[in-house]
Amino acid sequence: MKLTRRGFVGTIGLGTAAGILSGTVLPVRSAKAAPAEVEIFDGGIMQLNQNESARGPGPKTMQAIHSHVTKRLGRGYAPDHVRELTSTIAGFYDLENDNVIVGTGSTPILEGAVRAFCADGRHLVSAVPTYSTCAQTARRMGVEMKGIDLDSELNIDLDAMADAAKGAGLVYFCNPNNPTGTVHSPAAVESFVRSIMRESPDTTILIDEAYIDYVADSAMKTALPLAMEFENVFISRSFSKAHGMAGLRVGYALGQAQTVGAVRTAWNMGDINMLAAIAAIVALQDKEHLIWERQENTEVRAFTTAAFRDLGFDVVESHTNHIFVNLRRPASEFRAACLEHKILVGRDFPPMENTHCRISMGSREEMITAVEVFRRVLG
Ligand SMILES: Cc1ncc(COP(=O)(O)O)c(C=O)c1O
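Residues numbered from 1 in each chain as written. Predicted model: local features only at pLDDT ≥ 70, side-chain atom pairs only at ≥ 80, totals over all residues.

Right, let's get into the overall build of the protein chain. Each helix and strand counted, the protein chain has 14 helices and 12 strands in total. Within the protein chain, the fraction of its 379 residues that count as buried is 48%. Of the contacts made within the protein chain by residues no fewer than 6 positions apart, 74% connect residues no fewer than 24 positions apart. (Helix = DSSP H or I, 4+ residues; strand = E, 2+ residues; numbered from the N terminus. Buried ≥ 20, exposed ≤ 12 C-beta atoms within 10 Å, placed from the backbone. Contact = placed C-beta atoms within 7 Å.)

Below, the discussion takes up the nonpolar core. Counting residues in each nonpolar core, the largest one holds 69 residues, and the members touching the most others are Ala113, Leu124, Met161, Leu170, Val171 and Ala280. With 7 residues, the single largest contributor to this core is helix α11 (residues 274-285). Apart from the residues lying within four places of it in its own chain, the contact partners of Ala113 are Cys134, Leu170, Leu206 and Val263. Counting 24 residues, the second largest nonpolar core, distinct from the first, contains Val300, Ile323, Leu327 and Val345. (Core = buried A, V, L, I, M, F, W, Y, C linked by C-beta atoms within 7 Å.)

Taken together, the neighbourhood of the ligand is formed by 13 residues, with Gly105, Ser106, Thr107, Ser238 and Ser240 sitting nearest. Split by residue class, the shell around the ligand holds 4 nonpolar, 8 polar and 1 charged. (Near = placed C-beta within 6 Å. Nonpolar A, V, L, I, M, F, W, Y, C, P; charged D, E, K, R; others polar.)

The two faces of the sheet receive side chains in turn, since in a regular strand these alternate between them. Counting buried residues in strand β7 (residues 233-238) gives 6 out of 6 residues, a clear majority hidden from the surface. Taking every second residue as pointing to the same face, both faces of β7 are buried, with Val233, Ile235 and Arg237 on one and Phe234, Ser236 and Ser238 on the other. The parallel pair strand β6 (residues 204-208) and β7, bridged by helix α9 (residues 224-229), forms a crossover whose chirality is right-handed. (Right-handed = clockwise from strand over helix to strand, strands pointing away.)

Mapped onto the elements, Gly147 comes out in strand β4 (residues 145-149). Given 15 C-beta atoms within a 10 Å radius, Gly147 is considered partly exposed. The sequence separation of Gly147 and Ala127 amounts to 20 residues, and the corresponding C-alpha distance is 5.5 Å. If we skip the residues at most four places from it in the chain, Gly147 touches Ser126 and Val128.

Taken together, 7 strands build an open sheet; the order of strands is β2-β8-β7-β6-β5-β3-β4 and the sheet is mixed. The strands lining the two open edges of the sheet, one partner per strand, are β2 (100-103) and β4. For this sheet, the mean angle separating the axes of adjacent strands, direction not counted, is 20°. Most of the contacts of helix α6 (residues 133-141) go to strand β3 (residues 124-128), to which it runs at about 135°, and overall it touches β3, β4 and β5 (170-174). (Pairing = 2+ DSSP bridges. Axes fitted to C-alpha atoms, helices over the stretch in contact; angles between N-to-C directions.)

Attention shifts here to the sheet that holds strand β10 (residues 322-326). The 3 strands lie next to each other as β9-β10-β12, forming an open sheet whose pairing is antiparallel. In the strand order of this sheet, the two ends are held by β9 (314-315) and β12 (356-360), each with one partner. The pairing of β10 with β12 spans 5 bridges and is classified as antiparallel. Bridging from a neighbouring strand, Asn326 pairs with His356 of β12. Taken strand by strand, helix α12 (residues 287-310) contacts β9 and β10, and its axis lies near 5° from that of β10.

Structural data, given as structure tokens:
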């Protein structure tokens, strides 16, 4: 079933819809960006489970993709487009080309990091729960992982991570963190990095900034200056989140040449296709769209967070496009109940799977519908 804005009004009734859509609950989208007809459901199921983007790429990126769907796509083995993407990213951050590696998403970069720096059996340090690619890679390789529990406010415990880092091959630090959405300030990140570089200088630190474009300006800053200062620090980024390009698969890492080069040597970064590279080049430089996307997400997240809090559930303050809600019941129960209403919400995040569930933010139309369902299911 496809449910459009018009269909939504029909489904929940004119009175409720008028109240919601008039902005009393969630402000109406600015006219400039309002599509004529917004599709709420994606293939019959609302996907609030993978932190993708319901809004997709910005108009300039869409235009660039459309205008490159030509017979020229018959050529593309010689990777000019990858070189151009690499040099555009380098120029954007004022770096040299060899400070940049690109991949089919940031997933191969995370996997490559574990393979590059833990290959000789040195352990991985990771928060628990956090994004799990590094931990999964370590498991596949038979590498030991020291998993560090979050603190009582669901922040990554940086002191405990630094302690566990002694002698480690790799420390994986997701800032902002998935699934919690929490961030660490520039001062906290800097003192964490300097303390590991002092106590365990052979350990590499990967700071995953996949969600950085959703963060309010003052809450955190990129760790790129630390990556350029220390050989053993690098950062990863993704086009799958605020740039709305999860389906195009582009990510990148920035750091000193030998460090990012070691990651690329350790694991295949995949072949970025021409359309994805062209889209990423445009998306990276489209500041106006990123600002709009962040504002949309901020409003939708505030609306959804407030709805759960009104229902009496704790939600840790998120700086991403997902929230982590203490439902005081197994995520699997909530998941099953939401699925009956054709809504997918996040997977289990051990050891918190019996209390917390991660919910990705959809479009405002999707979240208006979803919140109604959440109220019914949790009511
Ligand atoms: C923190 C984090 N890093 C990396 C990724 C991988 O994203 P991609 O491979 O699409 O760049 C994700 C995906 O959800 C994520 O949440």
